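Tertiary structure, described
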Amino acid sequence: MRRMLRIRRFEEAAMDIVRKGQGIAGSVHLCIGQEATVVGACLALRDDDFMVGYHRSHGHPIAKGARLGPLMAELMGRSTGICHGKGGSMHLADFRVGSLGETAIVGAGIPQAAGAAYAARIRGTDQVALSFFGDGGANIGAFHEGLNLAAAWRLGVVFVCENNLYAMSTALSDTMAADSIAARATAYRMPGVSVDGQDVAAVYESVAAAVDRARSGGGPTLIEARTYRYRDHAEYGGMELGHRAIEELEQWRTRDPLDLLRARLLAGGTDERVLDEMAAAVAEEVREAVRFARRSPQPEPAALFEDLWATPVEAAR
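In this report, the structure presented in the accompanying data block is examined. (Residues numbered from 1 in each chain as written. Predicted model: local features only at pLDDT ≥ 70, side-chain atom pairs only at ≥ 80, totals over all residues. Heavy atoms only, no water.)

Right, let's talk about the nonpolar core for a bit. Ranked by internal contacts, the top residues of the largest apolar core, which has 66 residues, are I24, L71, M72, L130, F132, V158 and V207. With 9 residues, helix α1 (residues 2-20) is the single largest residue contributor to this core. In this structure, A113, A114, A117 and L222 belong to the second largest nonpolar core, which totals 25 residues. (Core = buried A, V, L, I, M, F, W, Y, C linked by side-chain atoms within 4.5 Å. Buried < 20%, exposed > 50% of the residue type's maximum accessible area, 1.4 Å probe, protein only. Helix = DSSP H or I, 4+ residues; strand = E, 2+ residues; numbered from the N terminus.)

Structure representation (structure tokens):
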């Protein structure tokens, strides 16, 4: 619950900053509504396991345990950011928690996760790699290449599709003939599982089984989490795409993942005051993250070429 709250409140703060033009350049792509899929999947990983996200990326490192201050500073392009202000909203990476990075290139993280799993095999570790991607990414060539390679080499990868029904503003029903993304796993002789992406426990159980299989040498699994984003494709400082019916949005809001988990916890005997105190603490953590980012300096121009090479490279003469 805490991790889902951290994602929701962090993104609400980022959305407010963008809309007011107060420090985040460009747009941000929010996963509000998809928190149960992100958190349930990451909770099934060990701290030293790998995770690769995609352009809707704030929730992934947060779910893996990243600190909010450096994340917000990165969104604002500050030197204290998680990538020293050079990555921005769509290119977050936090190696300290196993977050290998995100990219605006749709589907690009899928073969990267396969590569991380192969590297773990070469090193002789049992680390697992998890790749997040959207339903749009499932129609990209890298999806088929990554799944085929992982299956052929029996790599320890878990592929998690956050199927929110829309690739930007294009409905999945207009771009995919099959009824299920998980069904595509059959072509690669790996398990394919479809799960309720609004139920954090259901996601955790499905991903945990896939992680156990991967860690024990059983190979990859494809998991399709059916979820929904409440915001448009991106926040553009107030612009609304308006590509979905209000009735559809309101129907999905009745299954808000935070509300579902809160109800389950209360029914299980959790004191409501405990949840309220947790929410208040997370709200303050997010406010402090914003204050940290605003206090942080802009990167120095001299730092522009740092972090580009693993070893110094002399200029061509």
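To continue, consider unusual backbone geometry. Its identity is not glycine, yet R154 carries a phi of approximately 50 degrees, on the positive side. Look at L165: it is not a glycine, yet its phi comes out positive at around 80 degrees. Tracing the backbone shows L165 in the loop between β4 (157-163) and β5 (166-167). Of the residues examined, L165 reaches a relative accessible area of 24% and is grouped as partly exposed.

Glancing now at the sheet that holds strand β2 (residues 99-101). If you trace the 6 strands from one edge of the open sheet to the other, you get β2-β1-β3-β4-β8-β7, paired in parallel fashion. Each edge of the sheet is formed by a strand with only one pairing partner; in this case those strands are β2 and β7 (192-196). Ignoring which end each strand starts from, the neighbouring axes of this sheet average 25 degrees apart. Contacting β1 (50-52), β2, β3 (129-134) and β4, helix α5 (residues 109-123) crosses the sheet at an angle of about 175 degrees to β3. Those strands touched by helix α7 (residues 200-215) are β3, β4, β7 and β8 (221-226), and its axis lies near 155 degrees from that of β7. (Pairing = 2+ DSSP bridges. Axes fitted to C-alpha atoms, helices over the stretch in contact; angles between N-to-C directions. Contact = heavy atoms within 4.5 Å.)

Looking now at the environment of L261. Residue position: L261 is located in helix α9 (residues 257-267). Setting aside its immediate chain neighbours within four residues, L261 contacts M1, M4 and V200.

Taken together, the side chains of Y118, I122, L149 and W153 present a nonpolar region at the surface, about 390 Å² in accessible area. The residue L149 is located in helix α6 (residues 141-152) in this model. (Patch = residues over 30% accessible without salt bridge, like charges linked within 9 Å, V, L, I, M, F, W, Y side chains within 5 Å. Areas by Shrake-Rupley, 256 points an atom, 1.4 Å probe, with all protein chains shown as cover. Salt bridge = Lys/Arg side-chain N within 4 Å of Asp/Glu carboxyl O.)

Turning to the packing of α1 against helix α2 (residues 35-43), a few remarks are in order. Each pair of packed helices gets described by two things: the angle between the helix axes and the distance between those axes. Taken N-terminus to C-terminus, the directions of α1 and α2 make an angle of 135 degrees; their axes are 9 Å apart at the nearest point. In terms of orientation, α1 and α2 fall into the oblique class. Remark: the crossing between α1 and α2 carries right-handed chirality. On the side of α1, the interface is formed by R3, M4, I7 and R8, while α2 contributes E35, A36, V38, V39 and L43. (Parallel < 35°, antiparallel > 145°, perpendicular 65-115°, else oblique. Left-handed = near helix turned anticlockwise from the far one by under 90°.)

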